[in-house]
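What follows is the residue order along each chain.
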Amino acid sequence: MAFCLGLLGGGVVTATVLVVVGSLVRAPLPPPVPWLLVGLMLIVVLGKESGLLRITLPENRRLVPETVFRLGRHLGPLQFGLEMGTGARTYLPSGLPYVAAVAVLCTASFPAALCAGLGFGLGRALMTTANLRYGESGAWDAAWTGHRRVLTLLLWCAFGVALLVLLLSDPSVRRP
């Protein structure tokens, strides 16, 4: 439970930093530019994940060290989850968090940023708790690999719909 709370907290911390910095970055930009940056990042990530672009996105490929558990039964998992929930100290298997980060940085209000941070933390928590349901070693990985294409397509579609809803609900975007 503490680990999952840490994941949610880490997502909220990251989203808060992004929305505060983003408020300064986007202030001088004309209204369509932030959404153009989000679209550009989406194209870059889509190109990377489809194999059309051979680039690496910045990430910390070191895992959170096990030494965080020295803090005890509750604070150790909480810190571990907090660090993993930020996404800054662990491996990111998809490029979608990068697009979400740029969207929060460039377009989000504070409540929308909090929702995005909670969504990131919740996604990580769901993966962790789903993994626990598979008892034998490697069963989760085999199930994920077997359904990876369908799950990836569904996640991309859900993410695209969410971005479209945000774009259409943004009052700064001019409509004819």
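No experiment lies behind these values; they were computed from the predicted model shown.

1. Quick word on the packing of helix α1 (residues 2–26) against helix α3 (residues 75–86)
So, step 1. One way to put it is that α1 packs onto α3 with a least axis distance of 6 Å and a crossing angle of 35 degrees. Considering only the axes of α1 and α3, their crossing is right-handed. Facing α1, whose interface residues are A2, F3, L5, G6, L7, G9, G10, G11 and T14, α3 presents P77, L78, F80, G81, L82, M84, G85 and T86.
So, step 2. Taken together, the residues that form the contact of α1 with α3 break down as 9 nonpolar, 8 polar and no charged.

2. Considering the nonpolar core
So, step 1. In terms of nonpolar packing, the biggest core is built from 15 residues, with V38, M41, V45, Y98, V99 and L163 touching the most fellow members.
So, step 2. Taken together, the elements giving at least two residues each to this core come down to α2 (32–50), α4 (96–107) and α6 (139–169).
So, step 3. Top contributing element to this core by residue count: α4, with 6 residues.
So, step 4. With residues up to four places along the chain from it excluded, the contact list for Y98 reads M41, V45, L57, P58, E59 and L92.
So, step 5. Judged by nonpolar contacts, the second largest core, of 8 residues, contains C4, L7, V68 and F80.

3. A closer look at the packing of α2 against α6
So, step 1. Look at α2 against α6: their axes get within 12 Å of each other, and the N-to-C directions meet at 170 degrees. One way to sum up the angle between α2 and α6 is to call them roughly antiparallel. Across from W35, V38, L42, V45, L46 and E49 in α2, the residues of α6 making contact are W156, F159, L163, L166 and L167.
So, step 2. The residue inventory of the contact of α2 with α6, partitioned by class, reads 10 nonpolar, no polar and 1 charged.

4. Some details on α3
Residues lying three or four places apart along an α-helix face the same way, a consequence of the helix completing one turn every 3.6 residues.
So, step 1. Over its 12 residues, α3 extends 16 Å from the first C-alpha to the last, a length consistent with the 16 Å expected when each residue adds 1.5 Å.
So, step 2. Those residues of α3 that are buried lie in contact with α1 and α5 (110–132).
So, step 3. Downstream of α3 by a residue or two, G87 has a phi angle that is positive, lying close to 80 degrees.

5. Considerations on α2
So, step 1. Its 19 residues place the ends of α2 27 Å apart at the C-alpha level, agreeing with the 27 Å of an ideal helix rising 1.5 Å per residue.
So, step 2. Against α1, α4 and α6 lie the buried residues of α2.
So, step 3. Positioned one or two residues after α2, G51 has a phi angle of 90 degrees, which is positive.

About the cut-offs
Residues numbered from 1 in each chain as written. Predicted model: local features only at pLDDT ≥ 70, side-chain atom pairs only at ≥ 80, totals over all residues. Heavy atoms only, no water. Axes fitted to C-alpha atoms, helices over the stretch in contact; angles between N-to-C directions. Helix = DSSP H or I, 4+ residues; strand = E, 2+ residues; numbered from the N terminus. Left-handed = near helix turned anticlockwise from the far one by under 90°. Contact = heavy atoms within 4.5 Å. Nonpolar A, V, L, I, M, F, W, Y, C, P; charged D, E, K, R; others polar. Core = buried A, V, L, I, M, F, W, Y, C linked by side-chain atoms within 4.5 Å. Buried < 20%, exposed > 50% of the residue type's maximum accessible area, 1.4 Å probe, protein only. Parallel < 35°, antiparallel > 145°, perpendicular 65-115°, else oblique. Expected span 1.5 Å × (residues − 1).

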